[in-house]
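Listed below, chain by chain, are the residues.
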Amino acid sequence: MKIVLATSNKGKVREIKAMCTDFEVVAFSEIIEPFDIIEDAPTFKGNALLKAKAVYDALDDEEAIVLSDDSGISVDALDGAPGIYSARYGGENASDKDNLHKVMDEVKAKGLESSPAHYTAAIAIVTKEGEQVVHGWMYGDVITTPRGENGFGYDPCFIPEGFDKTLGELDDEVKKGLSHRSKALYLAKLVLGTIKKGREL
Ligand code: ITT
C-alpha cells in the first residue's frame, strides 16, 4: 500500500519513512510538482487536514492515501509559543536555525536557562474512505544553548523528560522511540491497517 506524504519538510519525510517500513512511503514532490499550501487553521489538527486534503485533491487519484504531519513546539515560559507558528517563528522565510535561536533568545530574555516545553504532532490521513486525525506529544525542557546536530528543527535545544542530552545529541533511534511523531504514527498505522483491510474485502 502506497502512502503519499503531504509535506515538504525533509526531516519529517526521513523520520516518517523510517517509522513506516511496512508501507511504501513517498513524498508528494516525488509524484507531482510541489506547491505551497497556506496553513491558516487555528490548530495543529486543522492545518494537518488542510495539507492532506490539498495534496489528495492535487493527486487526482481516488485511490490515493495521503498522510500529513502538522507539528511544533510549545514552551511554557513563552505561554505556549511558538506552537502552531513553529515553522515561521523567526519570520516568514525563517530557516530552522533562525527559529531555534529565536526560541532560545526569548527564553533567555525571561532570565531563564531552561523552560518546560512539549512537542505536538497532528497526523491527518485523507482517503476516499474519509478523514482521520491523530495526535502525539513529547514532554521535556528547552535549553538556551544548542547542543548536537541530529534530528532537525528545534531538536538541538530540546531535552526529553528522563534524559540529560538534547535530541540533537541523542541517537535517531532514541527519538524514534519517544517522539510526538512516533506516538501519533502508532495511531495512524492503526487507521492505515483498517483502510487496508477494508480495501481487501
Ligand atoms: P510541512 O508543512 O510541509 O509539513 P513544515 O516544516 O512547514 O513542513 P509545520 O508547519 O508542521 O511543518 O511546522 C513544524 C515546525 O516545527 C517546523 O519548524 C519544524 O522544524 C518544527 N518541528 C516539528 N517537529 C519537529 C521535530 O520532531 N524536531 C524538531 N523540530 C520539529
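Here the structure is a predicted model, which is why all the values come from computation and not from measurement. (Residues numbered from 1 in each chain as written. Predicted model: local features only at pLDDT ≥ 70, side-chain atom pairs only at ≥ 80, totals over all residues. Heavy atoms only, no water.)

Could you give an account of the overall build of the protein chain, naming the residues involved and the relevant values?
Assigned secondary structure in the protein chain consists of five helices and six strands. In the protein chain, the succession of helices and strands from N to C terminus is β-α-β-α-β-α-β-β-β-α-α. Across its three principal directions, the C-alpha atoms of the protein chain cover 60 × 30 × 25 Å. Here the protein chain holds 201 residues, and the buried ones make up 49% of them. Pairs at least 24 apart in sequence give 57% of the contacts found in the protein chain among residues at least 6 apart. (Helix = DSSP H or I, 4+ residues; strand = E, 2+ residues; numbered from the N terminus. Buried < 20%, exposed > 50% of the residue type's maximum accessible area, 1.4 Å probe, protein only. Contact = heavy atoms within 4.5 Å.)

Summarise the site of the ligand; cite the residues concerned and give the values.
Around the ligand lies a shell of 21 residues, among which Thr-7, Lys-12, Lys-51, Asp-155 and Lys-175 are the nearest. For the ligand, an oxygen atom lies 2.8 Å from a polar atom in the side chain of Asn-9. Between the ligand and Arg-181 there is a distance of 2.9 Å, counted from a nitrogen atom to a side-chain nitrogen or oxygen. Within the residue set of the shell around the ligand, elements represented by two or more residues are strand S3 (66–75) and helix H5 (180–200). Here the shell around the ligand gets four residues from one element, more than from any other, and that element is S3. Tallied by class, the residues present in the shell around the ligand amount to four nonpolar, eight polar and nine charged. (Near = heavy atom within 4 Å. Polar contact = N/O pair within 3.5 Å; in protein donor to acceptor, adjacent residues only side chain to side chain. Nonpolar A, V, L, I, M, F, W, Y, C, P; charged D, E, K, R; others polar.)

Give a detailed account of H5, specifying residues and quantitative values.
The first and last C-alpha atoms of H5 sit 31 Å apart over 21 residues, in line with the 30 Å expected at 1.5 Å per residue. Listing the buried residues of H5 in full gives His-180, Arg-181, Ser-182, Ala-184, Leu-185, Ala-188, Val-191, Leu-192 and Ile-195. Contact partners of the buried residues in H5: strand S1 (2–5), helix H1 (10–19), S3, strand S4 (114–127), strand S5 (130–143) and helix H4 (172–178). The backbone nitrogen of Arg-181 has a side-chain oxygen 3.2 Å away, supplied by the residue at the start of H5, namely Ser-179. (Expected span 1.5 Å × (residues − 1).)

Hey, could you go over the pattern of salt bridges for me, with residue numbers and the actual values?
Under the defined criterion, the tally for this structure stands at 15 salt bridges. Its salt-bridge partner being Lys-51, residue Asp-70 comes within 2.8 Å of it at the nearest N-O pair. With a gap of 19 residues between them, Asp-70 in strand S3 and Lys-51 in helix H2 (residues 44–59) connect regions that are remote in the sequence. In this structure Lys-51 comes out as buried when scored by relative accessible area, which is 7%. Between Asp-105 and Lys-108 there is a salt bridge; the shortest N-O distance is 4.0 Å. With a gap of three residues between them, Asp-105 and Lys-108 both fall in helix H3 (residues 96–109), about one helical turn apart. Shared partners join several salt bridges into a network, and the residues in it are Lys-12, Glu-15, Asp-69, Asp-155, Lys-175 and Arg-181. (Salt bridge = Lys/Arg side-chain N within 4 Å of Asp/Glu carboxyl O.)

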